[in-house]
Amino acid sequence: MLNNKSFKSHREFFSLIYRLESKRIIAKQIQIALILGKILERCSCSIPLNIASRLVEEYETKDEMLLNRIIMSRYLRALNESFEKK
């Protein structure tokens with residue numbers, strides 16, 4: 001699709017790239033929200049955070065897990081601090 005010479009201008013080409021990347025970013029944010037929801041669900045069942053934040057097989061692969069935890073690190077750190085206060 002991107003190799004097609006049917007684009008009338010560079011603007012048209014880059015607008016397509018922009019839309020595709022925007023959709024990819026939104027899809028990743030939805031995936032992260034679903035993973036966080038599952039982690040919170042596990043925590044609500046009195047599962048410790050270090051165990052609850054393990055692989056969520058419904059929404060991620062082992063390869064994606066590390067990157068997802070890096071993305072969620074600030075949130076997970078704050079969540080861990082709130083559990084320690086209790």
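Keep in mind the model is a prediction, meaning the values are calculated, not measured.

Sorry, what's going on with the state of the cysteines here?
As used here, a disulfide is simply a covalent bond connecting the sulfur atoms of two cysteines. Within the structure shown, the criterion is met by zero disulfides. Free of any disulfide, Cys43 has its nearest cysteine sulfur in Cys45, 9.1 Å distant. Looking at Cys43, the relative accessible area reads 8%, which means it is buried. Taking relative accessible area as the criterion, Cys45 reaches 53% and is therefore assigned exposed.

Would you mind showing me how to read the pattern of salt bridges here?
Side chains that carry opposite charge are capable of pairing whenever their charged atoms lie near each other. Scanning all chains against the criterion turns up four salt bridges. Put simply, Glu41 and Lys38 hold a salt bridge, and the shortest N to O gap is 3.5 Å. You can see Glu41 and its partner Lys38 sitting in helix H1 (residues 10–44), three residues apart, about one turn around the helix. Taking the relative accessible area as the measure of exposure, Glu41 reaches 46% and is therefore partly exposed. Lys38 sits in the partly exposed class, given a relative accessible area of 21%. Among the charged side chains, a network of salt bridges with common partners joins Lys38, Glu41 and Glu58.

Honestly, the side chain of Glu60 in this entry has me stumped. Any pointers?
Here Glu60 is to be found in the loop between helix H2 (49–52) and helix H3 (62–71). Residue classification places Glu60 among the buried residues on the basis of a relative accessible area of 5%. At 2.8 Å, the side chain of Glu60 forms a polar contact with the side chain of Asn68. Within the structure, Glu60 has its side chain in polar contact with the side chain of Arg69 (distance 2.6 Å). Apart from the residues within four sequence positions on either side, Glu60 is in contact with Gln31, Ile35, Arg54, Leu55, Met65, Asn68 and Arg69.

Each value, and the rule that gives it
Residues numbered from 1 in each chain as written. Predicted model: local features only at pLDDT ≥ 70, side-chain atom pairs only at ≥ 80, totals over all residues. Heavy atoms only, no water. Disulfide = S-S within 2.5 Å. Buried < 20%, exposed > 50% of the residue type's maximum accessible area, 1.4 Å probe, protein only. Salt bridge = Lys/Arg side-chain N within 4 Å of Asp/Glu carboxyl O. Helix = DSSP H or I, 4+ residues; strand = E, 2+ residues; numbered from the N terminus. Polar contact = N/O pair within 3.5 Å; in protein donor to acceptor, adjacent residues only side chain to side chain. Contact = heavy atoms within 4.5 Å.

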